[in-house]
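Residue-level structure breakdown
The lines below spell out each chain.
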Amino acid sequence: MSTGPGADSAPVHKPATTRGGGKARRGTFSSLSIRNYRLFFTGAIVSNTGTWMARITQDWLVLSLTGSAAAVGITTALQFLPMLLFGLYGGVIADRYPKRRLLLVSQAALGLCGLALAALTLSGQVQVWHVYLIAFLLGMVTVVDNPARQSFVSEMVGPDQLRNAVSLNSANFQSARLVGPAVAGVLIAGVGSGWAFLINGLSFLAPLAALWLMRTSELHKVERAPRGKGQLREGLRYVAGRPDLIWPIALVGFIGTFGFNFPIWLTAFSEEVFHVGAGTYGFLNTLMAAGSLAGALLAARRGTTRLRMLVIAAGVFGVLEIMAALSPSFWLFALLLVPIGMIGLTVNITANSAVQMATDPAMRGRVMSLYMMVFAGGTPIGAPLLGWVTDTYGARVGFATGGLVSLAAAAVIGLVLARIGNLKVAMAWRHGHPSVRFVPRVAPRRLATAA
């Protein structure tokens, strides 16, 4: 399926049908009626909870070992550096080999990384370079795991349920984010960081079991790319010739690089601005997760994906980050994290589903690897930079910088999309509040001249 190039374009939806030819279910949780996806979803929520526990614990451990927000940024950067360096090759691998088999290997490797960090921490031998090394190894595994996992969703549910399944995946991840940080905060304060890492490592048994129990006969067949030269260049040329792909990817690249550095900002605000402990840091992450979950569930109910919504949501996201950075009180800052999480997830899901649904199945692994490389691979650039800004000029300036870049990117790319689609921005008041829309340009009428 393909979308038009304009900012107001949306994927064309055919009437939804099941593999048996009947009418497919519609609704917030319609994808869960498919057995293979239900197994995938159940396994993922267990491992996602462990992953969020490990993320929060890792950030707090690095801050405890070094006392530096920049060190937290370096850890985050090392975890995403492989995506920047090798992400496109991960997409080629995902298109070439069976994705279920790739995921069995990658999920096992992620679990082993978690167990290694648990052993180091529980033994009392952990040093900051150990955390750096394991973060980099996690990133190397993610190079293959991310595009394989993203594109495997379409094989489980088919094109008609793809948007719903993408939204539910995000809801799954954010549901775990509600639980993981809170549990991590309790474990860090009560028994130490090592136990959180141990639970994370063991949590990967759940997705491994889910993948093993799937019925391969019920997967939607996708033609795999044969081994050959030039597949990476082919993927890049494909995206370069599609404005409806390249501009959403560019926008999430700016948002991901500069606007999603929450491990740096929340640790800095907790330590330097509001002077709270690990438990409250976990609480702040939980508030953001609550907003993200709401955003994911709302996205699951929507039947269309519009680039107009992506641009507007990205602009609102930047404004909210600036407001949070300037918040004079803890509770105002905390409350603003809820809509920040909701709008941030709206940006991510809208871009993700728009790109997937506009991409030919045989190219999906390479396109999604480019998407993830741009979205997450920019972190090695943005995290150390904004970590330095935060350390040098303070947490408020660091957070506001991320918001300003996100807002500027939304404005510029929105204007580019409007120009490509021969649209213009129209502002009006509707029901007592401002409304921003992209509307077609009307060519000026030519005046008739007398003969």
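Note that the coordinates shown come from a computational prediction; the quantities given were computed from them, not determined experimentally. (Residues numbered from 1 in each chain as written. Predicted model: local features only at pLDDT ≥ 70, side-chain atom pairs only at ≥ 80, totals over all residues. Heavy atoms only, no water.)

1. Comments concerning the nonpolar core
Residues Leu251, Phe262, Phe333, Ile340, Tyr371 and Phe399 are the most contacted members of the largest nonpolar core, which totals 70 residues. With eleven residues, helix α13 (residues 330–357) is the largest single contributor of residues to this core. Setting aside its immediate chain neighbours within four residues, Ile340 contacts Phe262, Met288, Phe317, Leu320, Glu321, Ala324 and Phe399. Of all hydrophobic cores here, the second largest spans 21 residues; its members include Phe152, Val157, Leu162 and Leu211. (Core = buried A, V, L, I, M, F, W, Y, C linked by side-chain atoms within 4.5 Å. Buried < 20%, exposed > 50% of the residue type's maximum accessible area, 1.4 Å probe, protein only. Helix = DSSP H or I, 4+ residues; strand = E, 2+ residues; numbered from the N terminus. Contact = heavy atoms within 4.5 Å.)

2. Examining the packing of aromatic side chains
One pass over the full model with this rule turns up 21 aromatic pairs. A ring pair is formed by Trp52 and Phe173, whose centres lie 5.1 Å apart and whose planes are at 50°; its orientation type is tilted. Of this pair, Trp52 sits in helix α1 (residues 35–66) while Phe173 sits in helix α5 (residues 162–190), placing them 121 residues apart in sequence. Among the residues examined, Trp52 registers a relative accessible area of 7% and is labelled buried. In this structure Phe173 comes out as partly exposed when scored by relative accessible area, which is 22%. Where Phe330 meets Trp331, the ring centres are 5.2 Å apart and the plane angle is 80°; that geometry is what we call edge-to-face. The aromatic ring of Trp52 is capped on one face by Arg55, whose charged end is 5.0 Å from the ring centroid. (Phe/Tyr/Trp six-rings, centres within 6.5 Å; stacked < 30°, edge-to-face > 60°. Lys NZ or Arg CZ within 6 Å of the ring centre and 35° of its normal.)

3. As for the packing of helix α3 (residues 99–122) against helix α6 (residues 193–203)
Where α3 meets α6, the closest approach of the two axes is 7 Å, and the angle between their N-to-C directions is 160°. Classed by the angle they form, the pair α3 and α6 counts as roughly antiparallel. Two packed elements cross with a definite hand, and for α3 against α6 that hand is left-handed. Of the residues in α6, those in contact with Gly111, Gly114, Leu115, Leu117, Ala118, Thr121 and Leu122 of α3 are Ser193, Gly194, Trp195, Phe197, Leu198, Asn200, Gly201 and Leu202. Partitioning the contact of α3 with α6 into residue classes produces eight nonpolar, seven polar and no charged. (Axes fitted to C-alpha atoms, helices over the stretch in contact; angles between N-to-C directions. Parallel < 35°, antiparallel > 145°, perpendicular 65-115°, else oblique. Left-handed = near helix turned anticlockwise from the far one by under 90°. Nonpolar A, V, L, I, M, F, W, Y, C, P; charged D, E, K, R; others polar.)

4. Remarks on helix α4 (residues 128–157)
For an α-helix, the turn length of 3.6 residues means that residues three or four places apart are oriented alike. Taking 1.5 Å of rise per residue, 30 residues should cover 44 Å, and α4 covers 42 Å from first to last C-alpha, within 8% of that figure. At Thr142, α4 shows its strongest bend, of approximately 40°. Within α4, 22 of the 30 residues are buried, which leaves the element mostly enclosed by the surrounding structure. Looking one or two residues beyond α4, the residue adopting positive phi is Gly158, at roughly 85°. (Expected span 1.5 Å × (residues − 1). Bend = angle between axes of the 7 residues up to and from the residue.)

5. Considering the confidence of the model for the chain
Per-residue pLDDT for the chain has a mean of 81; in total, 84% of the residues score no lower than 70. Of all the helices and strands in the chain, strand β2 (residues 433–440) carries the lowest mean pLDDT, 54, while helix α7 (residues 205–213) carries the highest, 96. In this model residues 1–24 is a low-confidence stretch, pLDDT under 50, and it forms 62 contacts with partners more than four residues away in sequence or in other chains. A low-confidence stretch, residues 443–451 stays under pLDDT 50, and its non-local contacts, those more than four residues away or across chains, total zero contacts. (pLDDT = per-residue confidence, 0-100.)

6. Description of the packing of helix α10 (residues 262–273) against helix α15 (residues 379–393)
Viewed as axis vectors pointing N to C, α10 and α15 meet at an angle of 20°, and their least axial separation amounts to 10 Å. As the angle between them shows, α10 and α15 are arranged roughly parallel. The crossing of α10 and α15 is right-handed. Packed against α10, whose contacting residues are Ile264, Trp265, Ala268 and Glu272, the element α15 presents Ala383, Leu386, Gly387, Thr390 and Asp391 at the interface. Broken down by class, the residue content of the contact of α10 with α15 amounts to five nonpolar, two polar and two charged.

7. Some points on the environment of Ala325
Examined against the element boundaries, Ala325 turns out to sit in helix α12 (residues 307–325). Judged by its relative accessible area of 0%, Ala325 is buried. Leaving out residues up to four positions away in the same chain, Ala325 has contacts with Phe269, Arg396, Phe399 and Ala400.

8. Observations regarding the environment of Ala77
Take Ala77: it is sitting in helix α2 (residues 69–96). Considered as a pair, Ala77 and Pro380 are 303 residues apart in the sequence and their alpha carbons are 3.7 Å apart. With residues near it in sequence (within four places) discarded, Ala77 still touches Thr379, Pro380, Ala383 and Pro384.

9. Looking at the pattern of salt bridges
With the rule as written, the count across this model stands at three salt bridges. Close ionic contact of Arg149 with Asp145 constitutes a salt bridge, the shortest N to O distance being 3.0 Å. With Arg149 and Asp145 both in helix α4, this residue pair falls four residues apart, about one helical turn. For Glu218, the salt bridge goes to Arg215, with nearest N and O atoms at 3.1 Å. The class of Arg215 is partly exposed, set by a relative accessible area of 41%. (Salt bridge = Lys/Arg side-chain N within 4 Å of Asp/Glu carboxyl O.)

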